[in-house]
Each structure stands twice: as structure tokens, then as C-alpha cells.
Amino acid sequence: MITLTWVYILAGVAFAAFALFNLADKSNPRRFGNAAFWGLMAVSMWAGDWLGDFGNGLLVLALVAIAGFGGLGKTKGNEILDVTKQDRASRYGNGLFAIALIIPATALAGTLLFKEFPAMFDVKQVTLISLALGVLIALGVGYAWLRAAPSLPLSQGRRLMDSVGWAAILPQMLASLGAVFALAGVGDVVGGIVQQAIPEESLLGAVIAFGLGMALFTMIMGNAFAAFPVMIAAIGMPLLIKQYNGDPAIICAIGMLAGFCGTLMTPMAANFNLVPAALLELKDENAVVKTQIATAVPLLVVNIALIYFLAFR
Amino acid sequence: MWVLLGIAVIVIGFMLRFNPLLVIMTSAAVTGITAGFDVHAIISAFGKAFNDARYVSIVWIVLPVIGMLEAFGLQERARGLISNLRGATTGRLLAGYLLLRQATAALGLTSIAGHPQTVRPLVAPMAEAAAEKQAGSLTEDEREEVKAYSAATDNVGLFFGEDIFLAIGSILLMKGLLEQYGIILEPFELSVWAIPTAIAAFLIHGFRLWRLDRRLSSKSGAEPDGGEAT
């Protein structure tokens, strides 16, 4: 059966290749740091399930030590000339889009199709499995039609990976921090504080505290999933649902979306806010967050109003 | 109460712009120690969660394909396509992408687009090319703004589309949590209430994209609807 393990093996191959290309690149003064960083990511993908919890923890410490103390650099060579790209773009034309769209198209088709074959595919992971398959097909077409040099995808992929740098593992790091917070009971403490801060006998006050609390706590934790159980336990369940007889479906569904407004406004949601800034090579790493604030704030107000007007009819 | 020190570490660390990886590790250590765990337990908890979250990093396998296509001029082609398209503006392009992203996410197809897959190779260069056409020429800051809007539009589309889908993680989380309180709801009863916010998100973000268009077009003195006036 094809499971996520296969995809992890493939991802490990990619990270190992990024490491080897860095190792051979004398134009990067910190090439050993880069090689070690992506090499450890390859180890995590390949052997994460055998390392044990403590072993994985040590691996993370090593990653943080390399990246946190300036161990990562960037290559100086390897850029394709703009003239070459222009020239190739006019030669291959819109067919380039066709190859780029192979990945989403395969992800879409695979997600729908592979679910019908539960004996062959892990049905819970069909999208990620299809994504990996799409990558392989796109590479195959690229080799066959564009006649790309065998090493080109990995050497260029390596350049992009290095431009993302340590931000690539931020999402995984923040998920892990969330686990430590949960273990330490941070949510319960925050919930207790929030409960004391709510004005008594005011439905509007409670709804505002719920919506704002979802957004603020999401901003601190970096994702709404961590904030949701805390705010439901502190305000949603005892006040909005039990005391004021609110509709639980509306309070939960829109409350979660109030949390998503918080996700738009925090660097802690690294994969949505910091990683794209790195990928697009923006000068200000917080540029995406800053752009999103003016959408998130009015939308948060709308969400709070929706709960207030829809849930208590 | 002391476990909140970990949150303080995060907030202060990010504000003082220390390396986020170090800030996160310090926060985990502070939180764990104030909660009374030993170092071995903290490292193990962190390592286990890191390993469980590996699927988040799978998306990087698309980089070799993107790298290959960019070497063959994908971004240049994306720019060329937009500059030949009459009436294409940054705002219209991004609003179209917003709608597409919301609609596909609402069908559960959250991973078919994203920052590495679509924003960097296609959406951002197209938006940039449209902006160049509208404004005549772009300053460095305007270029950054258009790119940041491209990424922001992907996020808004994803966040306020995905909860309409029945089997997305957040809907299942709500269902599971409510069951613990003895309230049994079908996923559909929850996901239908994501629709009003989805519409509001499109209107609010769409309005901002329209204003972005006006700003870009007014620079060259052209009408807001782009190339047609010139």
C-alpha cells in the first residue's frame, strides 16, 4: 500500500540532493552549514520513525544550532542568465504552463481517484501522495520535452531552497512548540485569565471577548486550532452556549474563522506569512503580514457581528 | 501562572527580531521548566511533535520542478502572457485568483495551489507584469507591495474557503470538541456557517484589490480599467 512513508522517502531524496549540491559548491562560504542542515532534514524524513522521541529532539536542537547561530549561507553562482530564460520562454511558450499545471492537476485527479482504491492508497493522505506523483510526472515531462540537464531540477531547486533557508522548518517548529504548550497546560491558564476579564451580564461583551480572544490567542500560538479548545472552554461553552442559549454550530464555525483572522496577522503562522516572504524574496520579512492586516481587522469585526446577530435568534 | 513566561519569550523574541528558531526553542525550554518537566522530557516532547508534523515540509519537493521551469523561463512567460492580455489588471487578476482559491478550497482541494506551487512561479510574476502595464513603471516598494498582495490573496482565499468543505481538519476538530461536551453535530451543520464569512472575505479583500488597481492606474494617468485607455 502506498502511504505517506513513500512520500517521506522522496522528500528525503530531495533534501539529500540539496545537501550534496551545497557540499560541492565552493562559492558559498558556509556550504558545510547548508549541507548539514538539509542533510539532517533528509535524515528526519528517512529515519524519523526510528530515531525515537529524544533522538528527534536532538536532531531539532542540531538544526536550530546550525541555523540560529548564522550557519546558513547562500550560493553565489548557479543563476541562469535572464537572456537565456527569455530566449527559452519564447521557444517553449505556453507549454511551460502546462508542465506547471501538471502538479495541481495530478493532485486534483489523484485526490478524487485514489480514494476509490483504499487497498492501494492510504485514503487519508491521497492529496499529499498525488502531489508527490504530480512532481514526478512534471519532472519526467520536463526531461523528455525540455531536455533539461539531469542535474538541473535539483541544482535549481537547491537554489530556491537555500533562499527560503531556515524559514522552511519554522512551521514544523511552531507545531512542536504548540505540543509543549499543550503539555504544560498553557491553554488552561489563558482560559482562566480570559474568563475573569469578561464583563458580566453582557451578551455583546461576551461575544466580543470570544471573537477577540480567538484572534489574539491565535496570533500568539500561530494557529487557530490551538486557540479554539481554550476559548470554547473559557467563554464559548459556559457563557455563549449554556448561559445565553446560543447556537453551537454558528458559534464554533464562525469563532474558528475569527481565529483565522488572527492567523493573517501574526509572524507565528510562519508557513503562510514568513515563508512566502522568503520565497518571493521580499526585503521586509513581515510584508505579507502587514498587507493582510487591513483585510483581517474588518473581517474580524464582521465575524463578531455575525455571531452576535445569527447565533442568538 | 509561570508557564505564561513562554508566551512572553515568544512575543519579546519576535519583537526584538532574534532568530525565530532560537526564540521558539527558548520558549519551549522556559515553558517546560516552569511547568516542572525535566530537560529530557521537554526535548522528547518537542522531537515527537516535530516528527509528527513532517508532512508540513513535504511541499518542498515541488521546488525542483519550479526550479527547472523557472530556468526555462516560466516567470518570463507568465509576464509575457499578461502584458499581451488587454484589460488585465493586478486587481482583476488577483480577485480572479482569490475566487478560484476560495472555490477550490471549498471543495477540499487545499493543496493544489499555494505559495511554492502557484504564487511564486505564476501569480506573483503575472500580478507584477499587470502592475507594470498599469503604472508604466514600478518603484521597488510598489513591486514589493504587489508581490505581498499576491501572497496575501492566496492566504485569504485558502482560509476563507476551506471551512466550507466538510472534511477539513478544523471542522473535524469542532465536531470532536463539541462531542466531548455532549453536543452532536453533523459536519455539514458547521461548514454551512463558513459561507457568510467567505462572502465577506471576498468583498473586503476584493475592495482592497480594486483600490490597489486605482492606485496603480492613477500613477500613469490611465483609466482604472487598465491598458485600454492607452
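Please refer to the structure placed before this passage.
Scope of this entry: the structure provided in the associated data block. Keep in mind that this is a model prediction, so the values were computed, not measured.

The rules behind these values
Residues numbered from 1 in each chain as written. Chains lettered and ligands numbered in written order. Predicted model: local features only at pLDDT ≥ 70, side-chain atom pairs only at ≥ 80, totals over all residues. Helix = DSSP H or I, 4+ residues; strand = E, 2+ residues; numbered from the N terminus. Rg over C-alpha atoms; globule rule 2.2 N^0.38 Å. Buried ≥ 20, exposed ≤ 12 C-beta atoms within 10 Å, placed from the backbone. Contact = placed C-beta atoms within 7 Å. Axes fitted to C-alpha atoms, helices over the stretch in contact; angles between N-to-C directions. Parallel < 35°, antiparallel > 145°, perpendicular 65-115°, else oblique. Nonpolar A, V, L, I, M, F, W, Y, C, P; charged D, E, K, R; others polar. Expected span 1.5 Å × (residues − 1). Core = buried A, V, L, I, M, F, W, Y, C linked by C-beta atoms within 7 Å.

Points about the overall build of chain B
Line of reasoning, step 1. Within chain B one finds 11 helices and zero strands.
Line of reasoning, step 2. Secondary structure elements of chain B, listed N to C terminal, follow the sequence α-α-α-α-α-α-α-α-α-α-α.
Line of reasoning, step 3. Relative to the compact-globule value of 17 Å for 230 residues, chain B shows a C-alpha radius of gyration of 22 Å, a clear excess of over 25%.
Line of reasoning, step 4. Here chain B, with 230 residues, has 56% of them falling under the buried criterion.
Line of reasoning, step 5. Long-range contacts, defined as pairs at least 24 residues apart, comprise 73% of the intrachain contacts of chain B with a sequence gap of at least 6.

Here's the deal with unusual backbone geometry
With glycine set apart, most residues show a phi of negative sign, and most peptide bonds adopt trans.
Residues and elements named next belong to chain A.
Line of reasoning, step 1. The phi dihedral of Arg147 is positive, around 50°, even though this residue is not glycine.
Line of reasoning, step 2. Following the sequence through the fold, Arg147 ends up in the loop between α6 (126-146) and α7 (152-164).
Line of reasoning, step 3. Of note in the backbone geometry, Glu281 takes a positive phi value of approximately 55° without being a glycine.
Line of reasoning, step 4. With respect to the helices and strands, the residue Glu281 is situated in the loop between α14 (275-279) and α15 (287-310).
Line of reasoning, step 5. Looking at Glu281, the number of C-beta atoms within 10 Å reads 13, which means it is partly exposed.

A few points about the packing of helix α8 (residues 170-184) of chain A against helix α2 (residues 20-34) of chain B
Line of reasoning, step 1. Where α8 of chain A contacts α2 of chain B, the two axes come as close as 9 Å, and the packing angle between them is 10°. Classified by the interaxial angle, the pair formed by α8 of chain A and α2 of chain B is roughly parallel. Where α8 of chain A approaches α2 of chain B, its residues Leu170, Met173, Leu174, Leu177, Val180, Phe181 and Ala184 of chain A are matched on the opposing element by Pro20, Leu21, Ile24, Ser27, Ala28, Thr31 and Gly32 of chain B.

Points about the interface of chain B and chain A
Interfaces are often sized by the accessible area lost when the parts come together.
Line of reasoning, step 1. Listed per partner, the contact involves 95 residues of chain B and 112 residues of chain A.
Line of reasoning, step 2. Residue contributions to the side of chain B that touches chain A peak at 11 residues, all from helix α3 (residues 39-52) of chain B.
Line of reasoning, step 3. Classifying every residue of the side of chain B that touches chain A by side-chain character gives 64 nonpolar, 20 polar and 11 charged.

Focus: helix α12 (residues 248-263) of chain A
Line of reasoning, step 1. Under the 1.5 Å per step criterion, the end-to-end length of α12 of chain A is 22 Å for 16 residues, consistent within 8% with the ideal 22 Å.
Line of reasoning, step 2. Of all the 16 residues making up α12 of chain A, 16 are buried; the element is thus mostly covered by neighbouring parts of the structure.

Some thoughts on the nonpolar core
For soluble globular proteins, the rule of thumb is that nonpolar side chains tend to be buried together.
Line of reasoning, step 1. Residues Met231 and Ala253 of chain A together with Ala127 of chain B are the most contacted members of the largest nonpolar core, which totals 185 residues.
Line of reasoning, step 2. Here this core takes 13 residues from helix α11 (residues 224-243) of chain A, the largest share from any one element.
Line of reasoning, step 3. Aside from chain neighbours lying at most four places away, what touches Ala253 of chain A is Asp163, Met174, Leu190, Trp193 and Ala194 of chain B.

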